[in-house]
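Results of the structural survey
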Amino acid sequence: MSLGGVVLLSQLPGCSTAAADASKKASSQSTGGAGVASTASADAAGITDAQTNQSQTSQERQRKVPEYVFSYADNQTGNYPTVQAARRFADQVNQETDGRIEIRVYPNAELGDEDSTVRQVSYGGIDFCRCSLSNLPDYSEETLVLQLPYLYEDRDHMWRVLDGEIGAQVKDSFQGSGMVALSWFDAGVRNFYTTDEAIHCLEDMQGMKIRVQQAELAEDMVEALGAEAVPIVYEAVKDALQTGEIDGAENNWASYEAMQHDEIARYYTVDEHMRVPELMLVSSATWEQLSAEDQATIQRCADAAGLYERELWTARETSAREKCLREGTVEIVLPEREKKRFRDAVYPLYKKYCGDYAELVEKINEIRD
């Protein structure tokens, strides 16, 4: 196999181990004769064995072909916190495995939208992805509990839940799904934003067409508040706002700014209805190829990436809010008494979605206290 063929194979997402092994063998064979020639030349020039060996070692590192080349999908832009954390994760794994494992990050939904990529991960078509819990209930019912509207008191409360026993329990619930949950990512708090009329109270929601994620819980939440839920993929929201197909949407400050929704929907109502964390996931088919040592390395790097993403997220959310406000966004912060009306309106959803997990909800409430 030529070296040109090696490069082409390794550029494919989910490049197989067999291809990588063949590439590695081809690389080794193609350099064997060159090593002898260069040593003879070095002896003739009076270069020491130590210098020759050091030079050869450096050349071998440069020629090294990864044993594994994995794909990692994210639907966010290249400078988004989750993508930056993914790249940090990929670099750390590559360094800690001495180049044996290469992870190629594909942002901007290059490998498909979020729902599509998580399906591909579940059957091994993609190796890694970052996914919102809103797209994961089909793989773990427990994820529904963690995204109930108005569940968390604040950001610190959510992280006490996710970093503790409950978060570990939810990650373990992915057994049998075709995926392994590696680490938690922050996605901020979701709020409503609208184009023509601002939301100041529950009555203002009546009859509005609000874009939601393609998830039944999100649809039911908006309907419970009196609006019409319009499920649209994330990448199509801006066009829907521009054409008037929807009156508004709901998301965090960073996404609102990154996708330029602030240019069209100027009214941003802070009601903090959902904190929907995200997960870094790996395909079980990929995970089971790896040795226990490599699995431990990837888990350690994933944990570090999760902590790094939280730092990036806090900074990004703050800067996005400040930028939007400078450029004309009108921020409406619901008073606590009005927020309670919103919370009471959606409370029936707790029984509908999590009746079997009432004890888990109670544990989360206890952590709040």
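These figures come from a predicted structure and were not determined experimentally. (Residues numbered from 1 in each chain as written. Predicted model: local features only at pLDDT ≥ 70, side-chain atom pairs only at ≥ 80, totals over all residues. Heavy atoms only, no water.)

**So, the overall build of the protein**
The helix and strand inventory of the protein stands at 16 helices and eleven strands. Taken over 369 residues, the protein has a buried fraction of 51%. Pairs at least 24 residues apart make up 75% of the contacts formed inside the protein by residues separated by at least 6 positions. Entry remark: accessible area of the protein is about 16,600 Å², with carbon and sulfur atoms responsible for 47%. (Helix = DSSP H or I, 4+ residues; strand = E, 2+ residues; numbered from the N terminus. Buried < 20%, exposed > 50% of the residue type's maximum accessible area, 1.4 Å probe, protein only. Contact = heavy atoms within 4.5 Å. Areas by Shrake-Rupley, 256 points an atom, 1.4 Å probe, with all protein chains shown as cover.)

**Remarks on the packing of aromatic side chains**
How two aromatic rings sit relative to each other is set out by the distance from centre to centre and by the angle between their planes. A complete count under the given rule lists twelve aromatic pairs for this structure. Taking 6.0 Å as the distance between ring centres and 5° as the angle between the ring planes, the aromatic pair formed by Tyr 193 and Tyr 268 counts as stacked. Remark: Tyr 268 occurs in strand β9 (residues 267–274) and Tyr 193 occurs in strand β5 (residues 190–194); sequence separation between them is 75 residues. In this structure an aromatic cluster arises from ring pairing among Tyr 68, Phe 70, Tyr 72, Phe 89 and Phe 128. (Phe/Tyr/Trp six-rings, centres within 6.5 Å; stacked < 30°, edge-to-face > 60°.)

**Overview of the pairing of β9**
With six of eight residues buried, β9 lies mostly within the body of the structure. In terms of strand pairing, β5 meets β9 through four bridges, oriented antiparallel. Looking at the pairing, Phe 192 lines up with Thr 269 of β9. As defined by bridge partners, β9 adjoins strand β11 (residues 330–333) across four bridges and the pair is classed as parallel. Among the inter-strand pairings, Tyr 267 is bridged to a residue of β11, identified as Val 330. (Pairing = 2+ DSSP bridges.)

**Points about helix α7 (residues 155–162)**
The complete set of buried residues in α7 reads His 157, Met 158, Trp 159, Val 161 and Leu 162. Looking at the buried positions of α7, the neighbouring elements they touch are α8 (165–172), β4 (179–185), α13 (292–326) and α16 (358–368). Sitting at the amino-terminal end of α7 is Asp 154, which places a side-chain oxygen 3.3 Å from the backbone nitrogen of Asp 156. (Polar contact = N/O pair within 3.5 Å; in protein donor to acceptor, adjacent residues only side chain to side chain.)

**Side note on the pattern of salt bridges**
Tallying each qualifying case throughout the model produces 24 salt bridges. In this structure, Glu 336 and Arg 343 form a salt bridge, with 3.4 Å as the shortest nitrogen-oxygen distance. Between Asp 344 and Lys 340 there is a salt bridge; the shortest N-O distance is 2.9 Å. Of this pair, Asp 344 and Lys 340 both sit in helix α14 (residues 336–346), separated by four residues, roughly a single helical turn. (Salt bridge = Lys/Arg side-chain N within 4 Å of Asp/Glu carboxyl O.)

**Topic: the packing of α8 against α16**
Closest axis-to-axis distance for the α8/α16 pair is 11 Å, and the angle between their directions is 150°. When the axes of α8 and α16 are compared, the pair comes out roughly antiparallel. Here Glu 165, Ile 166 and Gln 169 of α8 lie close against α16, whose contacting residues are Leu 360, Lys 363, Ile 364 and Ile 367. (Axes fitted to C-alpha atoms, helices over the stretch in contact; angles between N-to-C directions. Parallel < 35°, antiparallel > 145°, perpendicular 65-115°, else oblique.)

**Regarding the environment of Val 212**
Take Val 212: it is sitting in strand β6 (residues 209–212). In this structure the C-alpha to C-alpha distance between Val 212 and Tyr 234, which are 22 residues apart in sequence, comes to 8.8 Å. Setting aside chain neighbours within four positions, we find Val 212 in contact with Ala 218, Glu 219, Val 222, Ala 229, Val 230, Pro 231, Ile 232 and Glu 250.

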